[in-house]
Every structure is written in C-alpha cells, then in structure tokens.
Amino acid sequence: MGFRCGIIGLPNVGKSTIFNALTAAGAEVANYPFCTIDPNIGIVRVPDKRLEKIAGIIKPPKVTYTTMEFVDIAGLVKGASRGEGLGNKFLGHIREMDALVHVIRCFDNPDVVHLDGDVDPERDIGIVNMELVLADLETVERRFQKAEKMAKTGDKNAAQELHFYRRLRDALGKGIPARKTPVEEEFKELMRELHLLTAKKMLYVANVSEDVLRKGNGYIRQVEDCAKRDDSPSIVICGDLEAEMTELSEDERAAFLKDLGLDESGLDKLIRSGYGMLDLITFYTTVGTELRAWTVEAGTRAPQAAGKIHSDMERGFIRAEVVHYDDFINSGGIQAAKERGLLHSEGKDYQIKDGDIVLFRFNV
C-alpha cells in the first residue's frame, strides 16, 4: 500500500465525483448534504511507466503495480468540531488517514446547491481548516490539563511536556496548523500520539468545470494562494471530465488529454503530488514469474524494505543486490547491467533509492 489518503471538503464540492473517477468504485453521487455518510474506500493502481518499460524488457508472466487507498469522507460543515453535521464521526475518520486531499468547489452551477449560497473558495477553505484546528485545540487542551495535574505532583516528564503542549496550544489558538509548528526531537513521539488532524499533510484540489479547466478563473488563484500560505501543494482537476475519461480506452484518453492541452490525468497528478507530500519512493522486485512495484518512504533501509515483502525477509536479511532503473534500461536487462559492473551488493545500512530494482538475499 502506498498510503491512505482521505478526500475531505464541504458538502457538494465534488468529492464523490472525483473519488468515483479515481477509483471507479461507484460511490453514490447526489445533490444533497451528507450523501456520503460512511466512508467509501477505493484501492487504486498507481500508473507506472517505469514498471511498464521493465516489463517490456523481461516480459514476466505477471506484473503487479503498487496501490494507493483513497477514502471518500463525508462532507464537513461549520461547527463540526462542536458536533454539527456528522461532527466527531467525520473527524474520527480523518484521524485514520496518512494525508488529506481537500477538494474545493471552483465552478458555478445553479443546479448544484452550495450551503452558503455562492462559490467562494477562500471562505470554504477557511471553514474546513478552522474546524480541523478547533478539534485539535480541544485535543491538546485535554492533554495539557492532564500534564499540568501530573506536574503538580512532581512528575518531571510532565513538566517538560507542558512546555510542548503550551506552545502547540498557543499556535493552534492563532489558527496555525500543527504541521507548521516546529517539534523538537524529544517531543516527536508525543506529537504522533496526539493524532492531530492539522498535523497531516494537505493537498488542495480545485475542482473546476471543463470551461474553467480550459480558460482558468479567479477561483483557481484563490486556491493556489491559500495553499501557498499553508506551504501545501495544490492541483486543478475537473471531476466531471475525469469521470468521462474512465469510459475511454487508453488511446482515446491520451487523445482527449492532448485536446485539453494536458499531459497527465487527475489521477496522475494526485499520485505525483501525494508522493511528493509524503516523501514516498518506488522500488521493484523480480522474483519467480512476478515483476512487482513496492512503495516505501524515502530513507528506508534495505532490511525494512525487504520486510515490506515479508517479515521473514527482514529478520533473515543478508544483503540486497541492486541495479538502478536507468542502468537497467540503458543496459537492456539485469544480466547486461551485471556484466557492465552496474549491479552492486548492499548491506543493512543501504537506503533504497527511487527506481531501484532489488533482489533480496536472506536466510529463512
């Protein structure tokens, strides 16, 4: 699994439409708030041109892509942190995610109701972000009060934690998300234990109409400006067009994108941005009849990468025999790369690189 990405936003902004286009999972799409009550989950195959080129050379009987999990979460409303709408249920679903895709309505359509009557991306972004901040503020306040009581009993650890909680509480009180608050090494575990909503990486998605996609408008600029202030990435997607493209063949899809002046689909943009957000990389294995892509975090060492495949491989790790994708392609295969001295043996401290083709040696 690459990562678990929650699709969030206000009601009627096109979350389920984009989810359907990305996953073809058939989530219900309707013009009323809270159409999505229980989260819809879709497993998406990650498009991978490198994997296809490797397969074209070695021609394995089986090719397995790495995947991402997208979760379509119910629409948030103002007051969710106080229980409005689906309230805590909505916020609880977000806590389970690795990253968030915040879909913002950037199209005018009188047939699709907007809860506040008009389209205003900056206002809508502010509503969602503030509800996440308020929920986190409540979480931190509870932990602060608990630590304060323990510190009064002479607990030195609690006294140190108070400093961290106070600084985090003050930042949230100013509307600053937890991901923008510096955290010292000794407090990083405390931060993880809090499971704060605003600590998660955020990708802003401007959901536009086809006309806006072709010509642009001020709504997109609002989203881009908000994302920039938040130090977060943003992309533009036309959910309706993405849905149409799911019905097309690969050649038809390519021609359709070319006509729009685009070189990649919304799914490709989401994956690329998601990988960038979470610092993920892809490596490949060729074992038996299967060529397979795997996703790990950048900096993952060889034994832990082997453990992604099977825990026995991590426990019994001996070494990793590695050839990089570029060397593999330029050589025309692993054997030719080996003959050129481009296949190297690595030990336990080796950090897997994006594009590595790896054979793990291990004791059972």
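Structure first, text after, so check above.
Residues numbered from 1 in each chain as written. Predicted model: local features only at pLDDT ≥ 70, side-chain atom pairs only at ≥ 80, totals over all residues. Heavy atoms only, no water.

Q: Let's hear about the overall build of the protein: which residues, and what values?
A: Helix and strand content of the protein: 15 helices and 12 strands. The buried share of the protein, taken over its 364 residues, is 46%. Contacts in the protein between residues at least 24 apart in sequence constitute 70% of all its contacts with a sequence separation of at least 6. When the accessible area of the protein is evaluated, it comes to approximately 18,100 Å², of which 48% is carbon and sulfur surface. (Helix = DSSP H or I, 4+ residues; strand = E, 2+ residues; numbered from the N terminus. Buried < 20%, exposed > 50% of the residue type's maximum accessible area, 1.4 Å probe, protein only. Contact = heavy atoms within 4.5 Å. Areas by Shrake-Rupley, 256 points an atom, 1.4 Å probe, with all protein chains shown as cover.)

Q: Any details on the pattern of salt bridges? Residues and values, ideally.
A: Side-chain pairs of opposite charge can arise where the charged atoms are in close proximity. This structure, assessed with the given rule, holds 19 salt bridges. D230 is the salt-bridge partner of R179, the closest N and O atoms lying 2.6 Å from each other. Residue R179 is found in the loop between helix 5 (156–173) and helix 6 (188–194), and its partner D230 is found in the loop between helix 8 (218–229) and strand 7 (234–237); the two are separated by 51 residues along the sequence. Notably, a salt bridge pairs R315 with D312, separated by 2.2 Å at the nearest N-O pair. One end of the pair is R315 and the other is D312, both in helix 13 (residues 311–315) and three residues apart, which spans about a single turn. The class of R315 is exposed, set by a relative accessible area of 63%. Through salt bridges with shared partners, a single ionic network connects K62, E290 and R292. (Salt bridge = Lys/Arg side-chain N within 4 Å of Asp/Glu carboxyl O.)

Q: Mind laying out the environment of T153, listing which residues take part and the relevant values?
A: Residue placement: T153 occurs in the loop between helix 4 (121–152) and helix 5. At a separation of 2.5 Å, a polar atom in the side chain of T153 contacts the main-chain carbonyl oxygen of M150. (Polar contact = N/O pair within 3.5 Å; in protein donor to acceptor, adjacent residues only side chain to side chain.)

Q: Run through the environment of L278, naming residues and quoting values.
A: With respect to the helices and strands, L278 occurs in helix 11 (residues 266–278). For the pair L278 and V296, spaced 18 residues apart in the sequence, the C-alpha separation amounts to 9.9 Å. Those residues in contact with L278, other than ones at most four positions away along the chain, are F3, D98, A99 and K201.

Q: Tell me about the packing of helix 4 against helix 5, residues and numbers included.
A: The interhelical angle for the contact between helix 4 and helix 5, taken along N-to-C directions, is 155°, at an axis separation of 9 Å. On the basis of the axis angle, helix 4 is roughly antiparallel to helix 5. Handedness of the crossing formed by helix 4 with helix 5: left-handed. Seen from helix 4, the contacting residues are V133, D136, L137, V140, E141, R143, F144, A147, E148, M150 and A151; seen from helix 5, they are A158, A159, E161, L162, Y165, R166, L168, R169, L172 and G173. Taken together, the residues that form the contact of helix 4 with helix 5 break down as 13 nonpolar, one polar and seven charged. (Axes fitted to C-alpha atoms, helices over the stretch in contact; angles between N-to-C directions. Parallel < 35°, antiparallel > 145°, perpendicular 65-115°, else oblique. Left-handed = near helix turned anticlockwise from the far one by under 90°. Nonpolar A, V, L, I, M, F, W, Y, C, P; charged D, E, K, R; others polar.)

Q: Describe the pairing of strand 6 (residues 201–207), naming the residues involved and giving the relevant values.
A: In terms of burial, strand 6 is largely enclosed, as six of its seven residues are buried. Taken together, the four bridges between strand 6 and strand 7 define a ladder with parallel strand orientation. Among the inter-strand pairings, V205 is bridged to a residue of strand 7, identified as I235. (Pairing = 2+ DSSP bridges.)

Q: Describe the packing of helix 4 against helix 8, naming the residues involved and giving the relevant values.
A: In a packed pair of helices, the relevant descriptors are the angle between the two axes and the axis-to-axis distance. Between helix 4 and helix 8, the least distance of the axes is 8 Å, while the angle of their chain directions is 35°. Together, P121, E122 and I125 of helix 4 and Y219, Q222, V223, C226 and R229 of helix 8 make up the contact between the two elements. The residue makeup of the contact of helix 4 with helix 8, split by class, is five nonpolar, one polar and two charged.

Q: Describe a negative patch on the surface, naming the residues involved and giving the relevant values.
A: Side chains of E52, E250, D251 and E252 sit close together on the surface and give a patch of like negative charge. Among the structural elements, E252 can be located in helix 10 (residues 250–260). (Patch = residues over 30% accessible without salt bridge, like charges linked within 9 Å, V, L, I, M, F, W, Y side chains within 5 Å. Lys, Arg positive; Asp, Glu negative; His and termini not counted. Charge placed at Lys NZ, Arg CZ, Asp CG, Glu CD.)

Q: Describe the sheet that holds strand 2 (residues 40–45), listing the residues and the values that go with them.
A: The strand order across the open sheet formed by six strands is 2-4-1-5-6-7, and the pairing between neighbours is mixed. Looking at the sheet topology across the chains shown, the edges are occupied by strand 2 and strand 7. On average, adjacent strands in this sheet sit at an angle of 25° to one another, irrespective of strand direction. In this structure, strand 1 (residues 4–8) lies alongside strand 4 (residues 67–72), joined through four bridges in parallel fashion. Within the sheet, the bridge partner assigned to G6 lies in strand 4 and is V71. This element, helix 11, spans strand 2, strand 4, strand 5 (99–105), strand 6 and strand 7 of the sheet and lies at about 160° to strand 6.

Q: Lay out the side chain of S232 with the relevant residues and their values.
A: Take S232: it is sitting in the loop between helix 8 and strand 7. Each residue touching S232, except ones within four places of it in the same chain, is listed here: R179, M202, Y204 and A227.

Q: An account of the pairing of strand 9 (residues 290–297) is needed here, citing residue identities and associated values.
A: Bridge count between strand 3 (residues 62–64) and strand 9: three bridges; the pairing is parallel. Within strand 9, the residue paired with K62 across the bridge is E290. Pairing geometry for strand 8 (residues 280–287) and strand 9, over eight bridges, is antiparallel. Its bridge partner lying in strand 9, T286 is registered against L291. Once strand 8 ends, the chain turns through two residues before running back antiparallel as strand 9, passing G288 with a positive phi of about 60°.

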